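Overview (structure and organization)
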Amino acid sequence: MESRRRPGERRGDAGRSASSPQPLIRLDDREWKAAVDQASAAVTQAEARLRQLRELGLPVAEQALRQAEATALQARAQHRRVRELVARGFYSQAQLDEARRVQEVAESQVASARLQRDSQQPDGIEVALAQSALEQARAALVAAQTRLGYAILRAPSAGTVLTRAVEAGDTVQPGAVLLTIAPAGDTELTVQIDEKNLGLLRLGQPALASADAYPGERFAAELAFIAPSVDALRGSVEVRLRVPEPPPYLRHEMTVSIDIEAARREQTLMIPAAAVRETGGAQPWVMVVRDGRTERQPVRLGIRGAGRVEVLEGVAVGEALVPAAVDVAAGQAVRTRAAP
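Below: a short report on this structure. Given the structure is predicted, the values throughout are model-derived calculations rather than measurements.

Criteria and cut-off values
- Residues numbered from 1 in each chain as written.
- Predicted model: local features only at pLDDT ≥ 70, side-chain atom pairs only at ≥ 80, totals over all residues.
- Heavy atoms only, no water.
- Pairing = 2+ DSSP bridges.
- Helix = DSSP H or I, 4+ residues; strand = E, 2+ residues; numbered from the N terminus.
- Axes fitted to C-alpha atoms, helices over the stretch in contact; angles between N-to-C directions.
- Buried < 20%, exposed > 50% of the residue type's maximum accessible area, 1.4 Å probe, protein only.
- Lys, Arg positive; Asp, Glu negative; His and termini not counted.
- Salt bridge = Lys/Arg side-chain N within 4 Å of Asp/Glu carboxyl O.
- Polar contact = N/O pair within 3.5 Å; in protein donor to acceptor, adjacent residues only side chain to side chain.
- Contact = heavy atoms within 4.5 Å.
- Phe/Tyr/Trp six-rings, centres within 6.5 Å; stacked < 30°, edge-to-face > 60°.
- Lys NZ or Arg CZ within 6 Å of the ring centre and 35° of its normal.
- Expected span 1.5 Å × (residues − 1).
- Parallel < 35°, antiparallel > 145°, perpendicular 65-115°, else oblique.
- Left-handed = near helix turned anticlockwise from the far one by under 90°.
- Nonpolar A, V, L, I, M, F, W, Y, C, P; charged D, E, K, R; others polar.

The next subject is the sheet that holds strand β12 (residues 285-290). Across the sheet, which stays open at both edges, the three strands sit in the order β13-β12-β16 with antiparallel pairing between neighbours. The open sheet has two edge strands, β13 (293-298) and β16 (320-322), and neither has a second partner. Between one strand axis and the next, the sheet turns by 45° as a mean value, whatever way the strands run. Pairing analysis gives three bridges linking β12 to β16, with the strands arranged antiparallel. Among the inter-strand pairings, V288 is bridged to a residue of β16, identified as L321.

On to the side chain of R277, then. Relative to the helices and strands, R277 resides in the loop between β11 (270-272) and β12. Buried charged residue R277 carries no salt bridge. Nearest counter-charge: D327, at 5.9 Å. Within the structure, R277 has its side chain in polar contact with the backbone oxygen of V326 (distance 3.5 Å). Non-local contacts of R277, meaning those with residues more than four positions away in its chain, are made with P284, W285, M287, V322, P323, A324, V326 and V328.

A word on the packing of aromatic side chains. What the rule picks out here adds up to one aromatic pair. Over the ring of F225 we find R240; its NZ or CZ atom is 4.0 Å from the centre of that ring. In this arrangement the basic side chain of R296 is found over the ring face of W285, its NZ or CZ atom lying 4.0 Å from the centre.

Here the phi dihedral of D291 falls at roughly 55°; this positive angle occurs in a residue that is not glycine. Relative to the assigned elements, D291 resides in the loop between β12 and β13.

Taking 1.5 Å of rise per residue, 27 residues should cover 39 Å, and helix α2 (residues 93-119) covers 39 Å from first to last C-alpha, within 8% of that figure. Considered for burial, the residues of α2 that qualify are L96, A99, Q103, A106, V110, A113, R117 and S119. Residues of α2 that are buried in the fold lie against α1 (30-88) and α3 (125-149).

Okay, the pattern of salt bridges next. Taken as a whole and judged by the stated rule, the model has 17 salt bridges. For R138, the salt bridge is made with E47, and the minimal N-O distance between the two is 3.4 Å. With R138 in helix α3 and E47 in helix α1, this residue pair connects regions lying 91 residues apart in the sequence. Among the residues examined, R138 registers a relative accessible area of 40% and is labelled partly exposed. We classify E47 as partly exposed; its relative accessible area is 31%. Notably, a salt bridge pairs E188 with R240, separated by 3.3 Å at the nearest N-O pair. Separated by 52 residues along the polypeptide, E188 in strand β6 (residues 187-194) and R240 in strand β9 (residues 236-243) bring together distant segments of the chain. Residue R240 is classed as partly exposed on the basis of its relative accessible area of 24%. A single network of salt bridges, built from pairs that share partners, joins E188, E238 and R240.

For any two helices packed against each other, the geometry comes down to the angle between their axes and how far apart the axes lie. For the pair α1 and α2, the least separation of the axes is 8 Å and the interaxial angle reads 160°. For the element pair α1 / α2, the angle class is roughly antiparallel. When the axes of α1 and α2 are compared, the crossing they make is left-handed. Looking at side-chain class alone, the contact of α1 with α2 contains 15 nonpolar, seven polar and eight charged residues.

Okay, here's the thing in structure tokens:
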């Protein structure tokens, strides 16, 4: 799309509701309108040329062929008379040669007129060329009309205009973002999940979300889409969650935190995630306090939540754990203190 400018047009203010296909921005379309007029004139000219061939060209060519055939017939008769008179000695050989030349020219004109007549038949070359020119003109008109349609930017769907990056009279470039529209309909949350957690995700899983601007408020969501591919650069997979009842304070591009319920178990042991060491390794472990001394204890982990992780094996209920941030060696004597 070429750069366009049109003063005096101001559409698509931020926060304005838009319905499809409501016009939002109008570009300067004078050159595109002229191109449409030119293409339309070319179509009219091509149609007139084709009509001329069908209504006038073919009848004229047939008349020219008949005239050429009559002239050739006369030339052949004259050639026979001259030949007979030459045989009797009344005409010279030169006169016979001239009569033969006239006959050959007449027959050549007949052949040319026949070719001209055939070319203007409904399946002839002249009609085919005119038909092709007409189709090209019509295609050029469609292309010009399509370009003219670019002059008006319409809302692709009902929604709300979030941002408007141009003012009346600005020059725009191809690829520039002029408007940002939030489509109306179901509210969705988009989040990038680490691919190592992909096996825990299932469509329909419930979730709770909270906006960073409203940390004390939480609202329900449901996992509705899992991308079929993984982002190789970030090592993550995109998922989208549907919000059945979005809170009134929720805004487009708002930052939210999401807890997806990957599994649910009753009467399970949960410990602070900050107590687990080497969680990304082949064998995570914790530093547990037993009989007054620290002991390195491998653990088998289960589901994980917000700041907590399930322990399936390795730790018993009531055992004290040393946070991973505390640098303490195994076998060191320590004293435990009850949490307040």
